[in-house]
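The chain contents come next:
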Amino acid sequence: MGPARDTPFRSAEMSMVQLYISNEIGREVVNALGELGLVQFRDLNGDITAFQRVFTGDIRRLDNVERQLRYFHAQMDKAGIALRKLDLDIETLAPPTTSEIDDVAERCQSLEQRVSSLNESYETLKKREVELTEWRWVLREAGGFFDRAHGNVEEIRASTENDDAPLLQDVEHNNAAPDVERSFSGMNIGFVAGVIVRDRVAAFERILWRTLRGNLYMNQAEIPEPLIDPSTNEPVQKNVFVIFAHGKEILAKIRKISESMGAEVYNVDENSDLRREQVHEVNARLNDVQNVLRNTQQTLEAELTQISESLAAWMVLVGKEKAVYNTLNLFSYDRARRTLIAEGWCPTHDLPLIRSTLQDVTNRAGLSVPSIINEIRTNKTPPTYLKTNKFSEAFQTIVNAYGTATYQEVNPAIPVIVTFPFLFAVMFGDFGHAIIMLSAALAMIYWEKPLKKVTFELFAMVYYGRYIALVMATFSVFTGLIYNDVFSKSMTLFESQWVWKVPENFAGHQTVAAQLRDYGTGSTYRYPFGLDWRWHGTENDLLFTNSYKMKMSIILGWAHMTYSLCFSYINARRFKKPIDIWGNFVPGMIFFQSIFGYLVMCIILKWSINWFPTPTPENPHPVARQPPGLLNMLIYMFLQPGFVEAQLYPGQSTVQVCLLLLALVQVPILLFLKPFYLRWENNRARARGYRNIGERSRVSALDDDENDEGNNGGAVHGRHSDEDGEGVAMISGDLHGDDEEHEEFEFGEVMIHQVIHTIEFCLNCVSHTASYLRLWALSLAHQQLSAVLWSMTLGPALKVHGIGGAIYIVITFTMFFCLSCIILIIMEGVSAMLHSLRLAWVESFSKFAEFGGWPFAPFSFKQMLEESEELTEYLG
Amino acid sequence: MANGWSVFIGLAIIIAMCVAAWVFAPKGENQVLWRSSLILSFVSCYLMWAITFLAQLNPLIEPRRSDLREKYIHH
């Protein structure tokens, strides 16, 4: 039995369950399970198309409601009414009853009708208003033409008739307007007045001129304010025109042309009194229309404002309801018994909770038919369900980005929580930068709630990884202290182990070497924490730190890989595959340790030997030995076994030869032990007879072989199919049928697999160890870059005196600070993070994790609402 | 004060801290998370410190510089 509880150490134990729910409460049950978010339902109607499923009708209905809600939203956008967003952190929506949903649907229906009829009438009125406005403009402008025409009639006449008419002239001179107007008709001159879009005026004129051969007199004026085109709701510039022409046919022609050019022709009376009346009438009508319009607008807005209050909630309700019906569509519906049968995965330890939820729903509905939940045994690989919390979520995401861990194998995120930030810190070791990063991470955690609402994508990403940043920064503070780097400067926290050995007649500009503080005293004092600050700024600083950091990289890499390799032992134990321990873990570990473990041991040994003993009173002339080069030692260990250039310890050559042999012996063990063991096991099983195997791993011909690599049957408790439920006949075919690979044992395949594994493992031991040297390279780059930044900005500024120096410092400090943040913290941080990520994914995960799982995706409202892109605009 | 034995003293302290972390990790679902994270952190930090300390225990080279000023030397 597993532990009493699911821990993040490995994925939760899963069970396949079958639910028998009465049809009446199907919706409520799924609703409750959606709130719970612990069951992943399987599709039992794989062979039925989406249209033929039982609840498709309901989904269609909800689709319609959703469309209506979106229509309201669009209308609100148009009217500029803000949506009241739903904050699910504060408000919780009680699961709706069917009647509530029906209510919403009905209300939506009626509201849609009202809104659309209001909209329609609004549009009609708007159109009417535009027409009236245009007419008014025509009346006003055309009036102007007529008034101006007074003086022109004579010329017009003159152009049509050759003789002068004194009587008419008299009349004109008397300026009697009615007479003038009468005179137009008297002359048989008619006119057409209207409004046309300004862009078309030129074309309009040209066409008229051509068709009428110049027999017209056109007058036009611009309407100063743009008019609204009711069909597109866009402002359009328009002109008023009045065309005078001779003859009815011509006038009819002009009308036709106007209409075809999209001009609106309005009725204008020649008589100015009548015209004045017309203007009054138009104004009155316009007023009326505007009043009605305003009322309509207000009603519409009031309606929409009311809707805006609850629109978001309705949207969420409908979204949930749709998800429920979509889930119900996955169930198999037994028409005869009026029962829904569902099947799905859920965490074994949460079964009681699911059971009680089911009981609750049944009791609340007052149903006499109980809902049944049955755990069924299956040979399917269960999904990987890794529980996370606020802290481990981001780390888990990093791991899941690489792959989904195999069911029940050690969760790779567990070591990553520390190793990933720590290796980052080894590369990012600077106390000053770490403190800035730490403050940022702490600020994000302190203002966790308000910052959660920020939707700016880049920030949201950083915010999501705030706990990673916290751990990374904390470790960076530590490594910064170890490297003794604060913005490339060092701190003199403790007394140095070095003192300058100043020559007698020191004159400056002379190379001075330091000497151990305790030289010749017999006692030892070493710098207790981190790097001695005396190294800072010395000429051979890099010589020392490079050697130190390279060796540290190798040691940390060795530790990291050994630790990771140990997880493969835990996995093999968990999956009860001793052959993985004896055929993979043990020889692999021996191979790795006898080469790189030995190297690490030599590094430490070399450090602990006092190569140049200081003279003490007892021993005034100690013998100094030449320290061996470890790299050469390792190379000679392979190339010339038995040859030792400079001895590190007595008996070294024998030990090295033994270790080399030990390592070489592991290769055939790695290669052959597992495949041959598996073959022997398989043959033995076959020899005992096919039936017998069933006790352990086979039920039917369909069931798979436990030996194969693809399926780590952690859930292979005695496999037999379910026999107790009703409706089994219907489902059993589905249970054993699909999506599981059933591999027969094939020696060739296993052998090839193992050969690849062996080659990969042995080569990787070398290349991965070398890969850890990136720790040294990146930390060197970071330290040098920050030193350069200092020497280019603040460094020189500090040497300038006076007021100029003060200003210089302010400027260079700003530069120093900004560049520190942008280049050294953000850019270098990202780079270090990527390198650390690689060390986790490749160097560490390849040692133990299989990543053969598939993720558990339970039916959960919470998740659905978070992931739905459509709903994001409704949620605050 | 700080000599070669410090590494072992540090080791003892770290082991004590690891045991404490194991014992006092908050109970519950995330106990394993607490334990593994704390112990791993302690061990990592100790490793780093011990490596740095050991690297300076028996130095093969000594710091050298030629830009020392006389004033600085005399204190």
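Residue indices follow the written sequence of each chain, beginning from 1 at its first position. As they are written, the chains are lettered A onward and the ligands numbered 1 onward, keeping that order. Two thresholds apply to this predicted model, a pLDDT of at least 70 for residue-level local features and 80 or more for giving and counting side-chain atom pairs, whereas whole-chain, interface and lining totals are computed over all residues. Think of the side-chain values as coming from all heavy atoms in the structure, minus any hydrogens and water.

## Quick word on the overall build of chain A
The number of helices and strands found in chain A is 27 helices and 13 strands. Counting over 876 residues, chain A shows a buried share of 48%. A contact between two residues is defined here by any heavy atoms of the two lying within 4.5 Å. Restricting the contact set of chain A to residue pairs at least 6 apart, pairs at least 24 apart contribute 79%. All accessibility values rest on the Shrake-Rupley procedure with a 1.4 Å probe; residue burial counts only the protein chains present in the view. Accessible surface, chain A: about 43,500 Å² in total, of which carbon and sulfur atoms supply 58%. The numbering of helices and of strands both runs from the N terminus, where a helix is a DSSP run of H or I of at least 4 residues and a strand a run of E of at least 2. Exposure classes here rest on a 1.4 Å probe applied to the protein chains alone. A residue is buried below 20% of its type maximum, exposed above 50%, and partly exposed in between.

## Here we look at the UniProt feature "transmembrane region" (unreviewed entry) in chain B
Residue and element names in this part refer to chain B. Residues annotated in UniProt with the feature "transmembrane region" (unreviewed entry) correspond here to residues 7-25 and 37-61. With 95% helix and 0% strand, residues 7-25 has end C-alpha atoms that lie 26 Å from one another. Secondary structure content for residues 37-61 is 76% helix and 0% strand, while the C-alpha to C-alpha distance between its ends is 37 Å. UniProt positions are given in the numbering used here, feature names are shortened, and annotations may be inferred rather than shown by experiment.

## Some points on unusual backbone geometry
Residue and element names in this part refer to chain A. The backbone of Arg 338 shows a phi angle near 50°, a positive value even though the residue is not glycine. Positionally, Arg 338 belongs in the loop between β9 (332-334) and β10 (339-347). The phi dihedral of Phe 851 falls on the positive side, at around 55°, and the residue is not glycine. Tracing the backbone shows Phe 851 in the loop between α26 (802-848) and α27 (861-867). Owing to a relative accessible area of 17%, Phe 851 belongs among the buried residues under this scheme.

## What about empty space enclosed by the protein?
Residue and element names in this part refer to chain A. With a 1 Å grid spanning the protein atoms alone, the term cavity applies to any set of points in which a 1.4 Å probe fits but cannot get out, the term pocket to an open set with protein on both sides within 12 Å along at least five of seven lines, and the term lining residue to any residue with an atom within 4 Å of a point. Grid points are joined across faces, edges and corners, and a volume is the space filled by probe spheres set on the points. Applying the stated rule across the entire model yields two cavities of 30 Å³ or more. Counted as a void, the second largest cavity has a volume near 40 Å³. No other element matches helix α12 (residues 413-427), which puts three residues into the lining of the second largest cavity. Only Asp, Glu, Lys and Arg are considered charged, only Ala, Val, Leu, Ile, Met, Phe, Trp, Tyr, Cys and Pro nonpolar, and every remaining residue, Gly among them, polar. For the lining of the second largest cavity, the per-class residue count stands at five nonpolar, three polar and one charged.

## Structural notes on the confidence of the model for chain B
Residues and elements named next belong to chain B. In the predicted model, chain B carries a mean pLDDT of 88, and the fraction of residues at 70 or more is 89%. pLDDT measures how confident the predictor is about each residue, on a scale from 0 to 100. Element-level mean pLDDT values for chain B span from 66 in helix α3 (residues 70-73) up to 95 in helix α1 (residues 6-24). Interface predicted TM-score (ipTM) for the complex: 0.96; the corresponding pTM is 0.80.

## Description of the environment of Pro 8 of chain A
You can see Pro 8 of chain A is positioned in the segment before β1 (14-22). The spacing of Pro 8 of chain A and Ser 22 of chain A is 14 residues in sequence and 36 Å in space, taken between C-alpha atoms. In contact with Pro 8 of chain A, other than residues within four places in its own chain, are Lys 387, Asn 411 and Ile 414 of chain A together with Glu 29, Asn 30, Val 32 and Leu 33 of chain B.

## Here's the deal with the sheet that holds strand β13 (residues 512-516) of chain A
Spatially, β12(A)-β13(A)-β1(B) is the arrangement adopted by the three strands of the open sheet, whose pairing is antiparallel. Sheet topology places β12 (498-500) of chain A together with β1 (64-65) of chain B at the edges, where each strand pairs with a single neighbour. Note on pairing: DSSP must find at least two bridges between two strands before they are called paired. The pairing of β13 of chain A with β1 of chain B spans two bridges and is classified as antiparallel. Within the sheet, the bridge partner assigned to Ala 513 of chain A lies in β1 of chain B and is Arg 64 of chain B.

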